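The primary structure of each chain is shown beneath.
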Amino acid sequence: MLIQTLEQILEGRRSQPNQLIEVLHDVQKNYGYISQEAMQTVSQALGVPLMEVYRVASFYKAFRLKPSGKNVLTMCLGTACHVRGADLLLNQATGQLGVKPGEVTSDGLFSVEHVNCVGTCALGPIVTENGTYHHRMTPGKLRKLIETLGGQKAEDKENV
Ligand code: FES
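A few points on the structure. (Residues numbered from 1 in each chain as written. Predicted model: local features only at pLDDT ≥ 70, side-chain atom pairs only at ≥ 80, totals over all residues. Heavy atoms only, no water.)

## Here we look at a nonpolar patch on the surface
Here is step 1: A cluster of nonpolar residues, I21, F59 and Y60, forms a patch on the protein surface that exposes about 310 Å² of accessible area.
Here is step 2: When you line up the elements, I21 lands in helix α2 (residues 20–31). (Patch = residues over 30% accessible without salt bridge, like charges linked within 9 Å, V, L, I, M, F, W, Y side chains within 5 Å. Areas by Shrake-Rupley, 256 points an atom, 1.4 Å probe, with all protein chains shown as cover. Salt bridge = Lys/Arg side-chain N within 4 Å of Asp/Glu carboxyl O. Helix = DSSP H or I, 4+ residues; strand = E, 2+ residues; numbered from the N terminus.)

## A short note on the pairing of strand β1 (residues 71–76)
Here is step 1: Extensive coverage of β1 is indicated by the burial of six of its six residues.
Here is step 2: Covered by surrounding structure in β1 are N71, L73 and M75 together with V72, T74 and C76, the residues of both alternating faces. (Buried < 20%, exposed > 50% of the residue type's maximum accessible area, 1.4 Å probe, protein only.)

## A few points about helix α7 (residues 139–148)
Here is step 1: Listed in full, the buried residues belonging to α7 are L142, L145 and I146. Around the axis of α7, the buried residues are gathered within 95° of arc, so they sit on the same side. Counted as exposed and oriented over 90 degrees from the buried face of α7: K144 and T148.
Here is step 2: Where the residues of α7 are buried, they touch β1, α6 (86–97), β2 (110–115), β3 (127–129) and β4 (132–134).
Here is step 3: Directly after α7, the chain includes G150, whose backbone phi takes a positive value near 105°. (Arc of directions from axis to C-beta. Contact = heavy atoms within 4.5 Å.)

## Describing the environment of R14
Here is step 1: As for its position among the elements, R14 is in the loop between α1 (6–10) and α2.
Here is step 2: Distance from R14 to D26, taken between C-alpha atoms, is 14 Å for residues 12 residues apart in sequence.
Here is step 3: Those residues in contact with R14, other than ones at most four positions away along the chain, are E7, A45 and L46.
Here is step 4: In this structure the side chain of R14 is engaged in a polar contact, spanning 2.7 Å, whose partner is the side chain of E7. (Polar contact = N/O pair within 3.5 Å; in protein donor to acceptor, adjacent residues only side chain to side chain.)

## Regarding the nonpolar core
Here is step 1: Within the largest apolar cluster, 18 residues are counted, with the highest numbers of intra-cluster contacts made by L20, V23, L24, V27, I34, V42 and L46.
Here is step 2: At five residues, the largest contribution of residues to this core is made by helix α3 (residues 36–46).
Here is step 3: If sequence neighbours within four positions are ignored, L20 has contacts with V42, L46, V48, E52, V53 and V56.
Here is step 4: In terms of nonpolar packing, the next biggest core, distinct from the first, is built from 15 residues, L73, L90, L145 and I146 among them. (Core = buried A, V, L, I, M, F, W, Y, C linked by side-chain atoms within 4.5 Å.)

## Points about the environment of G95
Here is step 1: Along the chain, G95 turns up in helix α6.
Here is step 2: Accessibility expressed as a relative area gives 43% for G95, which makes it partly exposed.

Shown next as structure tokens:
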């Protein structure tokens with residue numbers, strides 16, 4: 001992926017406050033998250049108060065304010081997935097990786113997140129891995145997926 005610098009992202013958009021969401025999307029796309037420094041630069045360039053930039057960046061779930069792990073596992077906890085055991089999947093991921101939702105593993109390999117619906121309810125429960133959908137997920141399949149991606153084996157973790 002070709003990474004644009006902040007200067008390139010802001011080119012032709014300076015002093016245009018109505019470009020805020022587009023610019024934040026581009027920052028997110030290029031850097032994986034929106035840092036405090038990026039918010040300050042965007043604020044000055046577009047002429048939008050820093051508080052407003054922060055408010056918008058923290059309001060939309062599509063924007064991250066912290067770097068994510070190399071592999072982002074997202075559990076759908078919407079109603080259709082919930083009734084099919086989504087909580088068990090979240091417990092599997094957080095237990096196996098030793099993190100809470102929203103956290104990154106200490107080796108930077110994984111982030112665990114959750115959302116309320118990804119739009120494929122009939123195929124739930126759903127887990128996405130870096131945007132790839134895994135339908136009808138089970139705790140066992142999720143354990144293997146995590147191991148395949150380099151996560152600790154569940155039985156190894158018990159011996160630590
Ligand atoms: S509730 Fe999980 S995809 Fe809709």
